[in-house]
Amino acid sequence: MTSLRKGVPIIKKSNYVFDESANTGMTVYLQRDLSAPRPLILIIPGGGYNFCSEREAEPVALAFLAKGYHAAVLRYHVGEFRDFQAALNDGQLALQQIKQIASNAAIEVDKIAVVGFSAGGHLASAMSTMLSEKPSLCVLGYPAILDSFAEVMQVQAPSLDQQVTATTPPTFLFTTFQDNVVPVENSLLYLRALEEHDVLFEAHVFQEGKHGLSLGTPAVGKNDPRFAQWFDLCCEWMEINWQKTSKPAEYPDVLTMPVGELMRNAANKKILLEYFPVWQDRSRYKIVRKFNLTELHEVAPQIFNATILQQLQSKLTMGEGAN
């Protein structure tokens, strides 16, 4: 099937059914030109696990299509079929299906981003923290995160800020201080968890705007030009992150390796905490974790003196071990 909307390239539209009785599945929108692989944006609409919001579904997919991406919309278990684990399985099936069709659909499998709104943000966050195979980037719009709000949505789910690990993909988060449904606390605690685990993120907390603004444009019946900036900022952010090289940094010796890198090795961590027990305090450790030992010597030679550096150089290892 082909489709053409004003301002949007001609596309190929396909539907994939996961659970017919629960009306779950995925609609994939492909650019007509498949001569070169492109990223795909998987959109997960909100609706409090009661329904899937239409203004956070196809209109958002078409907006990403207009930017040159492939897009897809996930319909997950909601309403009388609401169930967090079933919805998470829907998300997993969607990622698997995208990868299955990738070669014929010109999809870059290492460039699959998930974009979730409200309850869809809850599911997108869960996919990015709880699945073994995760999207490469995660975008969260006014997301529900905490287990207290999961109770409001009548699903049994953990607080997703507690599920964040170092393997959580880079995250772009946008919300409003005035959100009248999902307290901004949900976003702030999630951002704190990302920072605690050194997960790259960008966040925009707009002062004004009620819940459920979607694109914030007349196309979705929610005209808020300031809030609508999130979309272009998000596309720019995705491109920046997809252009980053995954090649690990190389260091000539342990003295030039950042403290945070050294601490990933359990033996190194034990040694460093013996020398600097104050680093057991997380807030103090954060001050030094991005410095290497040579830089710390230059900044505070009275604490990180030459003798200590020589001793550490003989004891520490470059290898990353279990922590």
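One can find the structure itself at the top, above this paragraph.
The structure contained in this document is the topic of the report that follows. Here the structure is a predicted model, which means the values were calculated and not measured.

A look at the overall build of the protein chain
The helix and strand tally for the protein chain stands at 11 helices and 9 strands. Along the first, second and third principal axes, the C-alpha set of the protein chain runs to 70 × 45 × 40 Å. Counting all 323 residues of the protein chain, 51% fall into the buried class. Once local pairs closer than 6 in sequence are excluded, the contacts in the protein chain between residues at least 24 apart make up 71%. Of the accessible surface of the protein chain, which amounts to about 15500 Å², a share of 50% is contributed by carbon and sulfur atoms. Positive and negative side-chain charges of the protein chain, numbering 28 and 34 respectively, have mean locations separated by a distance of 3 Å.

Thoughts on the packing of helix α8 (residues 266–275) against helix α11 (residues 306–315)
Contact geometry of α8 with α11 gives a least axis separation of 11 Å together with a crossing angle of 160°. Viewed along their axes, α8 and α11 adopt a mutual orientation that is roughly antiparallel. Considering the relative orientation of α8 and α11, their crossing is right-handed. The segment α8 lies against α11, with I271, L272 and Y275 engaging I308, Q311, L312 and K315. Each residue belonging to the contact of α8 with α11 can be placed in one class, and the counts come to 5 nonpolar, 1 polar and 1 charged.

A look at the nonpolar core
L42, Y49, Y76, L123 and M127 are the most contacted members of the largest nonpolar core, which totals 49 residues. Not counting residues within four places of it along the chain, the set of residues in contact with L42 comprises M26, A72, V73, L74, A94, L95, I98, A113, V114, V115 and M127. Core analysis: the next-biggest nonpolar cluster, separate from the first, contains 34 residues, I43, L213, C235 and W242 among them.

Some thoughts on helix α2 (residues 84–105)
For the α-helix, the turn length of 3.6 residues means that residues three or four positions removed from each other point alike. Helix length check: α2 (22 residues) gives 30 Å between terminal C-alpha atoms against 32 Å at 1.5 Å per residue, within 8%. Maximum bend of α2: about 30°, positioned at K99. Buried residues of α2: F84, A87, L88, D90, G91, A94, L95, Q97, I98, I101, A102 and A105, and no others. Residues of α2 that are buried sit in contact with β2 (11–19), β3 (24–31), β4 (38–44), β5 (70–75), β6 (107–117) and α3 (119–130). One or two residues past the end of α2 sits A106, with phi positive at roughly 55°.

How each quantity is defined
- Residues numbered from 1 in each chain as written.
- Predicted model: local features only at pLDDT ≥ 70, side-chain atom pairs only at ≥ 80, totals over all residues.
- Heavy atoms only, no water.
- Helix = DSSP H or I, 4+ residues; strand = E, 2+ residues; numbered from the N terminus.
- Buried < 20%, exposed > 50% of the residue type's maximum accessible area, 1.4 Å probe, protein only.
- Contact = heavy atoms within 4.5 Å.
- Areas by Shrake-Rupley, 256 points an atom, 1.4 Å probe, with all protein chains shown as cover.
- Lys, Arg positive; Asp, Glu negative; His and termini not counted.
- Charge placed at Lys NZ, Arg CZ, Asp CG, Glu CD.
- Axes fitted to C-alpha atoms, helices over the stretch in contact; angles between N-to-C directions.
- Parallel < 35°, antiparallel > 145°, perpendicular 65-115°, else oblique.
- Left-handed = near helix turned anticlockwise from the far one by under 90°.
- Nonpolar A, V, L, I, M, F, W, Y, C, P; charged D, E, K, R; others polar.
- Core = buried A, V, L, I, M, F, W, Y, C linked by side-chain atoms within 4.5 Å.
- Expected span 1.5 Å × (residues − 1).
- Bend = angle between axes of the 7 residues up to and from the residue.

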